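Secondary and tertiary structure notes
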Amino acid sequence: MTLVDAVVVCGRCGGPASASAVSCPACRGGIPGELLPIVRVSPLSTGATNASPTRRAASCAVSVAVPVLAGTAAALAASLTTPWRVTLGVTVFLALAALQFATWLWWGRALGNVLTSTRTVRADDGTALSSGGIRRLFRGGEAVLAAPGVQQGPLLRRIGAATVSVRGDRDPLRLGAVERVELPSRPTGGARRHGRLRPLMLVFDDRLRVPLERSIVLGRNPERPESEPDTIVLALPDMSRSISKAHVRIDREAERVFVQDLGSTNGTELVAHDRFVELSAGSRVELPPGAHLLLAGHPLRIEGWEEGSAA
């Protein structure tokens, strides 16, 4: 990944863009020559700070010590012969180590991170390491360049990671907490045709707000259909990775809204009048006023689509 990919994301389509770009190379904006708003992404974007070397060392020491002590205690407390005690101790150690490693890899937090209020994330955009960091550690590959201001130790630099101090909202998990993503108008007559429609706003997880003006595909890392250049694609912040790469499509047709699950792994639910209906993959259904969606449990509602709102 290059520095270009690492530090900025297009506020319209979620694609990578240069820090000095005035338009996105992927979607090129909506109006020729119009400045495209860019959302800067970094592990420090939400106010998190670089963890001090002392805190990083303490986090690592705790994460290693706990499985060792637990395995030793289990072996000493067991009323077994020596070989079985050793086996039990090693088993407990490996189980706790594997559990901590998994939580560190997918959520950036082993026990040491929890106790020191730190999180280990990718050094370029603040998301989870996932399996890519381990591949880089053992097999090499494309380097991850840290975002400006991010500090790394030698080992974290090798896997493209950084450890930051987090408290409350100052957490890279909340990188999607953008007040509003402005979408340029369509460069065709479609924008004028939609000009008198009531304003609708997609609100994901009560954090990410996007105007619903035309068709939009949402997911963890969606791609725009080649045959539909006017369709918007929006990457949703989801460190848990429960949302699929291309999860759901929402179409606005005048004063009607349609929803289509795109074969997501964890499903899309339509919630209306306290009734939950799971959408079938590929089926296109109309969203009734007042209803909202759950994308793998994450709420997605539409402001201005309440029952009784003016048409």
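Right, let's walk through the structure included here. (Residues numbered from 1 in each chain as written. Predicted model: local features only at pLDDT ≥ 70, side-chain atom pairs only at ≥ 80, totals over all residues. Heavy atoms only, no water.)

Let's talk about the environment of V90
Here is the rule: Counting from the N terminus, the helices are DSSP H or I runs at least four residues long and the strands are E runs at least two residues long. We call a residue buried when its accessible area falls under 20% of the maximum for its residue type, exposed when it is over 50%, and partly exposed in between, using a 1.4 Å probe and counting protein chains only.
You can see V90 is positioned in helix 3 (residues 82-107). Residue classification places V90 among the partly exposed positions, given a relative accessible area of 41%. When the C-alpha atoms of V90 and A74 are compared, they prove to be 9.3 Å apart, with 16 residues separating the residues in sequence.

Things to note about the nonpolar core
Let me state the cut-off plainly: By nonpolar core we mean a set of buried residues, namely Ala, Val, Leu, Ile, Met, Phe, Trp, Tyr and Cys, connected to one another through side-chain atoms within 4.5 Å.
If you look at the biggest cluster of nonpolar residues, it comprises 26 residues, and the most contacted ones within it are L202, I216, I250 and L287. Core analysis: the next-biggest nonpolar cluster, separate from the first, contains seven residues, W104, A110, L156 and I159 among them.

Quick look at the environment of R167
So the rule is basically this: Any two residues whose heavy atoms approach within 4.5 Å are treated as being in contact.
As for its position among the elements, R167 is in the loop between strand 5 (161-165) and helix 7 (189-193). Between the C-alpha atom of R167 and that of T118, which follows or precedes it by 49 residues, the distance is 8.3 Å. Excluding its chain neighbours within four sequence positions, the residues that come into contact with R167 are R55 and S117.

So, the sheet that holds strand 5
The following threshold applies: The pairing criterion for strands is at least two bridges between them, as found by DSSP.
A sheet is described by the order of its strands in space; here three strands give the open sequence 3-5-4, paired in antiparallel fashion. A single partner strand is all that each edge strand has here, and the edge strands are strand 3 (49-50) and strand 4 (118-122). Where strand 3 and strand 5 come together, two bridges link them in antiparallel fashion. Each residue of the ladder has a partner; that of N50, found in strand 5, is V164.

Quick word on the pattern of salt bridges
When their charged atoms lie close together, side chains carrying opposite charge are able to pair. For clarity, the threshold we go by: Criterion for a salt bridge: a side-chain nitrogen of Lys or Arg within 4 Å of a carboxyl oxygen of Asp or Glu.
Using the criterion set out here, one finds eight salt bridges in the structure. One salt bridge connects E255 with R252, and the closest N-O pair in it is separated by 3.8 Å. Residue R284 pairs with E253 through a salt bridge whose shortest N-O separation is 2.5 Å. Here the residue R284 occupies a position in strand 14 (residues 284-286), and E253 occupies one in strand 10 (residues 248-253), the gap between them amounting to 31 residues. Judged by its relative accessible area of 39%, E253 falls in the partly exposed class. Residues joined by salt bridges that share partners form a network here, namely R249, D251, E253 and R284.

So far we have only geometry, and geometry alone does not tell us how the molecule works.
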